[in-house]
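Each chain is listed here by its residues.
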Amino acid sequence: MAELYQVLEAGKIGIFESPTGTGKSLSLICGALSWLRDFEQKKHQEEARLLETGTIPLSDGTEQPPSLSSSCKETPDTPRPAGEPDWVTQFVQKKEERDLVDRLKEEQVRRKKREERLQQIRHNAQLKYAARRARQEEEEMERLLRLSREMLAAGAEAEPREQLACGEEELVLAEYESDEEKGAASGVDEDEDDPEEEHVTKIYYCSRTHSQLAQFVREVQRSPFGKDTRLVSLGSRQNLCINEDVKTLGSAQLINDRCMEMQRSKHEKSKAEEEKPKRRRQEHRAACPFYSYEQLHLLRDQVLVGVKDIEQLVALGKEARACPYYGSRFAIPAAQLVVLPYQMLLHAATRRAAGIRLQGQVVLIDEAHNLVDTITGIHSAEVSGAQLCQAHSQLLQYMERYGKRLKAKNLMYIKQLLYLLEKFVTVLGGNIKQNPNTQSLSQTGTELKTINDFLFESQIDNINLFKVRRYCERSMISRKLFGFTERYGTVLAASREQPRLAGFQHFLQSLQPAVTKTPVTPVEEGEAGVPRLASPLMHIESFLAALTTANQDGRVILSRQGSLSQSSLKFLLLNPAVHFAQVVKECRAVVIAGGTMQPVSDFREQLLACAGVEAERVVEFSCGHVIPLENILPLVVCSGPSSQQLEFTYQKRELPQMMDETGRILCNLCTVVPGGVVCFFPSYEYQRQVYAHWDKSGLLARLAVRKKIFQEPKRANQVEQVLMEYSRCIKCCGQAGGTVTGALLLSVVGGKMSEGINFSDNLGRCVVMVGMPYPNIKSPELQEKMAYLDQTLPRGPGQPPPGKALVENLCMKAVNQSIGRAIRHQKDFASIVLLDQRYARPSILGKLPAWIRDRVEVKATFGLAFAAMRKFHREKSVLS
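The structure displayed is predicted, hence computed values, not measured ones.

Draft legend 1. Spotlight on empty space enclosed by the protein. Per the counting criterion, the structure on display carries six cavities of 30 Å³ or more. In this structure, the largest cavity spans a volume of roughly 120 Å³. Lining the largest cavity are 15 residues; nearest its centre among them are Cys 241, Asn 243, Cys 259, Cys 288 and Cys 323. Taken together, the elements giving at least two residues each to the lining of the largest cavity come down to helix H8 (252-274) and helix H11 (324-330). Along the lines of polarity and charge, the residues of the lining of the largest cavity split into twelve nonpolar, two polar and one charged. One number sums up the size of the second largest cavity: a volume of about 50 Å³. Tallied by class, residues from the lining of the second largest cavity come to five nonpolar, three polar and two charged.

The structure is reproduced here in structure tokens:
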């Protein structure tokens, strides 16, 4: 906590490692919020002194009147125009200082009003329901007015002339007027921040999953800061939406687009009512009933009053009949602690849409062991041949149906999109006019290109992808296209163009029936829990955005897999620092924290150094574990019971003698280890191969005498059931006694069990790592990444090339995550067995977490390792 406080105070970048069970979350909360409390006190004291005395401190500690001092925004070295008279300089300085004092006074007034408002809500529950009653009355009035208008319209107007099916007007693109360089429009996002609220200094805390964020919020509630901290939990529309009609869309992209469309409808509604068009008035989608300025601001204040997680926020929104997504965003400026997922902070466009401003703020990134991969994944994109063909066919039919109603610029951009899609299919070796499922490619294999080479080969280097990308964002064409295909069945019923479109419908169904079949009752589909797939154009928009990355920072992978539908184009980001640099540059301080951060060279070199962070600004801190030295036994085992050297390389690991030796080692370990043993293999394929060999050789039956055997499932929805049965078996065996002393769980490094699963106490008395899980060195993506690092990063004296170091680091990160599943609290104990003589290398041992590295023992023979295991577990079993 003291080290964290100093990092925040000095405005540095911290890499913090604290093993699970050592109170990492609570330490981050207390250290960071203590600093924020002290920072706010100092700031308020300085403001009060400035307003009272009208003086600004100089660098030497003396004071001077504002009329003689420089403004807080300009240093004494700020250049002035040559020959400018002194009285002009003094006048400008005085004006700047008066403006500063005025701003401080306004800020104090706003802060006082906010505190009074929140205090009223804390002590007067009636205020919580006053606005809700007003909103209900307003909704009832609107409903009656709408019914009255409909009745008048039905009686006074004749049957309108219909050219399109009912409801189809909303599918037609609005006129696209502007090509000027403007910020990407995001519906109502530009004017949603409360103009009276300024962003106070705050801490942004992010983690990987919503469950980890909820756990952190509970820790804040239990901490000494739980009552006084203004905390806001942010989430996606998919997690926070309370409009059932929108939630049933399932897909996150569709929910986002529908929500923004409904907000746009609300803003345009007043204009539409004021104007009296001579043509038949178009039907507009109803505005969201949960988006009300008054209700949202009431919800904002309720959010700031007490610490709430996502589930509590949703419940509060339902009670107040106000949108939790926008209500939480309105609360960001005044919040002291903002809790949010990785993606919302690390993706610039998502940050802007959420109203997050990082200038001068503090960012804490927890569970950051995979931060480099996360940034790479967020900014990479892949589209299949089937998606390209489907998007082209949908867009072509859309243009044919509505072309006469579209303005010239819409048609121009649609034709550009069609051209791009056709060229993407051509570069894969396919034909856009044929069904991709039945279309075989003459060339197969993987090809990797720079962005510029890909653009030239595809013959699209003459198209401004920045403008095309901006058009897709602002026109929401993918949403319109999805609506067109979603309602296709009903369109056919009312249209005379059925023969012309029948082929299109058949083609879409052959590609992806789920997209084109319009359900009879959409509500039932939502209740069944089957998410509706987004338009393929949505995926292609992400790919187009990726192609606007700088040429040297990314590559395009062309994967040709026999048929066009299985082939794909993938953008690979090589330099994640280009996106992290903005975070580091804007923030006052950034802290990257995790239970196992080793090896940290990835963070220093690939993220921080490449982002332009000076080495002096980076602080590393690693604390030991809270368990006693005698509660852990990490062993490197170099040979098996029959003296077979253990080296699980790709060439040797599939040998029968290696698989037999592994089985014999586990048989021996299971005789001395009580409770649960978790054994990690490098891949699903190798685990399956070893299991089949043991079954054939009889080793599986020998293992089953001591432990009931479980295997990690490939499907995520089966993980919980396997874990429950594994836990139940260990508990029953411990109570019943007998020859079966627990269970053996065969897992996979990087699989469902290697991260986020808690094997505490008897669930994980021993963790076994079979071999070293090196990534596939033949992967084109990995080879390109290695080559990129070799070219861009300096090679230290006596150090391996950066590309080779990357491979080792990826391997050891996976190992560290897997062996970290055991030892989850202070009184826990476990043994860790690393089966491969390569673990004994100093360069590999140095990449283990410090609390394991300092205690690891290298055993040349299995006899020595087995004796140490038997002694360790015998002593621990007696004590427990």
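Draft legend 2. Region of the structure containing the sheet that holds strand S15 (residues 675-681). An order of S16-S17-S15-S18-S19-S14-S20 is seen for the seven strands of this open sheet, with the pairing classed as parallel. Edge positions in the sheet fall to strand S16 (707-711) and strand S20 (857-859), since each has one partner strand and no second. Neighbouring strand axes in the sheet, compared pairwise and without regard to direction, differ in orientation by 20° on average. As judged from the seven bridges shared by S15 and strand S17 (residues 742-748), these two strands associate in the parallel manner. Residue Cys 679 lies in a different strand from S17, and its bridge partner there is Leu 746. In this fold helix H27 (residues 656-672) packs onto S15, S16, strand S18 (766-770) and strand S19 (830-835), with an angle of close to 175° to the strand it touches most, S18. Sheet strands touched by helix H32 (residues 802-819): S15, S18 and S19. Its angle to S18, the strand with the most contacts, is close to 160°.

Draft legend 3. Examining the pairing of strand S11 (residues 563-573) more closely. With nine of eleven residues buried, S11 is to be regarded as a mostly interior element. The pairing of strand S8 (residues 381-384) with S11 spans four bridges and is classified as antiparallel. What sits directly across from Glu 382, in S11, is Lys 570. By the bridge criterion, seven bridges tie strand S10 (residues 554-561) to S11 in an arrangement that is antiparallel. Residue Gln 561 lies in a different strand from S11, and its bridge partner there is Ser 563. Between S10 and S11, which follow one another and run antiparallel, lie one residue, and Gly 562 among them has a positive phi close to 90°.

Draft legend 4. Representation of helix H10 (residues 310-320) in the model. Along H10, the residues classified as buried are Ile 310, Leu 313, Val 314, Leu 316, Gly 317 and Ala 320. Along the axis of H10, the buried positions cluster into a sector of 160°, meaning they face one direction only. You can read the cap of H10 off the contacts: a side-chain oxygen lies 3.2 Å from the backbone nitrogen of Glu 311, and it is on Asp 309. Two residues or fewer past H10, Arg 321 is found with a positive phi of approximately 55°.

Draft legend 5. Examining the packing of helix H28 (residues 684-697) against helix H29 (residues 699-706) more closely. Taken N-terminus to C-terminus, the directions of H28 and H29 make an angle of 90°; their axes are 5 Å apart at the nearest point. In terms of orientation, H28 lies roughly perpendicular with respect to H29. Contact residues: H28 offers Tyr 691, Trp 694, Asp 695 and Ser 697, while H29 offers Leu 699, Leu 700 and Leu 703. Of the residues assigned to the contact of H28 with H29, the class counts are five nonpolar, one polar and one charged.

Draft legend 6. Summary view of the nonpolar core. Of all hydrophobic cores here, the largest spans 66 residues; its most connected members are Tyr 204, Leu 340, Ile 356, Val 363, Ile 365, Leu 371 and Phe 580. For this core, the leading source of residues is H10, giving five residues. Beyond its immediate stretch of four places on either side in the chain, Phe 580 contacts Leu 346, Ile 365, Leu 371, Ile 375, Val 590, Ile 592, Leu 607 and Leu 608. Listed in part, the 50 residues of the second largest apolar core include Ile 730, Tyr 774, Ile 823 and Ile 832.

Draft legend 7. Structural view of the pattern of salt bridges. In the structure shown here, the tally under the stated rule is 21 salt bridges. The residue Lys 570 makes a salt bridge to Glu 781 at a minimum N-O spacing of 3.3 Å. Highlighted residues: Lys 570 in strand S11 and Glu 781 in helix H31 (residues 780-792), separated in sequence by 211 residues. Residue classification places Glu 781 among the partly exposed residues on the basis of a relative accessible area of 28%. Here Glu 620 and Arg 604 are joined by a salt bridge, their closest N and O atoms 2.5 Å apart. Separated by 16 residues along the polypeptide, Glu 620 in strand S13 (residues 618-622) and Arg 604 in helix H26 (residues 601-609) bring together distant segments of the chain. Residue classification places Glu 620 among the partly exposed positions, given a relative accessible area of 39%. Assessed through its relative accessible area of 29%, Arg 604 is described here as partly exposed. Ionic contacts of the salt-bridge type, sharing partners, join the residues Glu 447, Lys 449, Glu 457 and Arg 560 into one network.

Draft legend 8. Highlighting the environment of Ser 563. Looking at the element boundaries, Ser 563 is found in strand S11. By relative accessible area, Ser 563 is classed as buried at 13%.

Draft legend 9. Molecular detail of the sheet that holds strand S6 (residues 337-341). Reading across the sheet, the seven strands line up as S5-S6-S4-S7-S12-S1-S13 and stay open at both edges, with parallel pairing between neighbours. If you trace the sheet from one side to the other, it starts and ends with strand S5 (231-233) and S13, each paired once. Sheet twist, expressed as the mean angle between neighbouring strand axes with direction ignored, is 15°. With five bridges connecting them, strand S1 (residues 13-17) and S13 associate as parallel partners.

Draft legend 10. Highlighting the state of the cysteines. Within this structure, the stated rule accounts for zero disulfides. As a non-bridged cysteine, Cys 670 has Cys 667 as the owner of its nearest cysteine sulfur, 6.9 Å distant.

Draft legend 11. The arrangement of the packing of aromatic side chains in detail. On inspection of all chains with the given rule, the structure shows 18 aromatic pairs. Aromatic pair Tyr 291 and Tyr 326: ring centres 5.0 Å apart, planes at 85°, arrangement edge-to-face. Taken as a pair, Tyr 291 in the loop between H8 and helix H9 (293-305) and Tyr 326 in helix H11 lie far apart in primary sequence, 35 residues in all. For the pair formed by Tyr 291 and Tyr 326, the shared burial category is buried. When the centroid spacing of 6.1 Å and the interplanar angle of 85° are considered together, the rings of Tyr 726 and Phe 759 count as edge-to-face. With a gap of 33 residues between them, Tyr 726 in helix H30 (residues 719-736) and Phe 759 in the loop between S17 and S18 connect regions that are remote in the sequence. As far as the burial class goes, Tyr 726 and Phe 759 line up, both buried. Members of the aromatic cluster, connected to one another through ring pairs, are Tyr 291, Tyr 325 and Tyr 326. Looking at Arg 653, its charged tip hangs above the ring of Tyr 686, at a distance of 4.9 Å from the centre. Over the ring of Phe 829 we find Arg 765; its NZ or CZ atom is 3.7 Å from the centre of that ring.

Analysis parameters
- Residues numbered from 1 in each chain as written.
- Predicted model: local features only at pLDDT ≥ 70, side-chain atom pairs only at ≥ 80, totals over all residues.
- Heavy atoms only, no water.
- 1 Å grid on protein atoms, 1.4 Å probe; cavity = no way out; pocket = protein on both sides within 12 Å on 5 of 7 lines; lining within 4 Å.
- Points joined across faces, edges and corners; volume = space filled by probe spheres on them.
- Helix = DSSP H or I, 4+ residues; strand = E, 2+ residues; numbered from the N terminus.
- Nonpolar A, V, L, I, M, F, W, Y, C, P; charged D, E, K, R; others polar.
- Pairing = 2+ DSSP bridges.
- Axes fitted to C-alpha atoms, helices over the stretch in contact; angles between N-to-C directions.
- Contact = heavy atoms within 4.5 Å.
- Buried < 20%, exposed > 50% of the residue type's maximum accessible area, 1.4 Å probe, protein only.
- Arc of directions from axis to C-beta.
- Polar contact = N/O pair within 3.5 Å; in protein donor to acceptor, adjacent residues only side chain to side chain.
- Parallel < 35°, antiparallel > 145°, perpendicular 65-115°, else oblique.
- Core = buried A, V, L, I, M, F, W, Y, C linked by side-chain atoms within 4.5 Å.
- Salt bridge = Lys/Arg side-chain N within 4 Å of Asp/Glu carboxyl O.
- Disulfide = S-S within 2.5 Å.
- Phe/Tyr/Trp six-rings, centres within 6.5 Å; stacked < 30°, edge-to-face > 60°.
- Lys NZ or Arg CZ within 6 Å of the ring centre and 35° of its normal.

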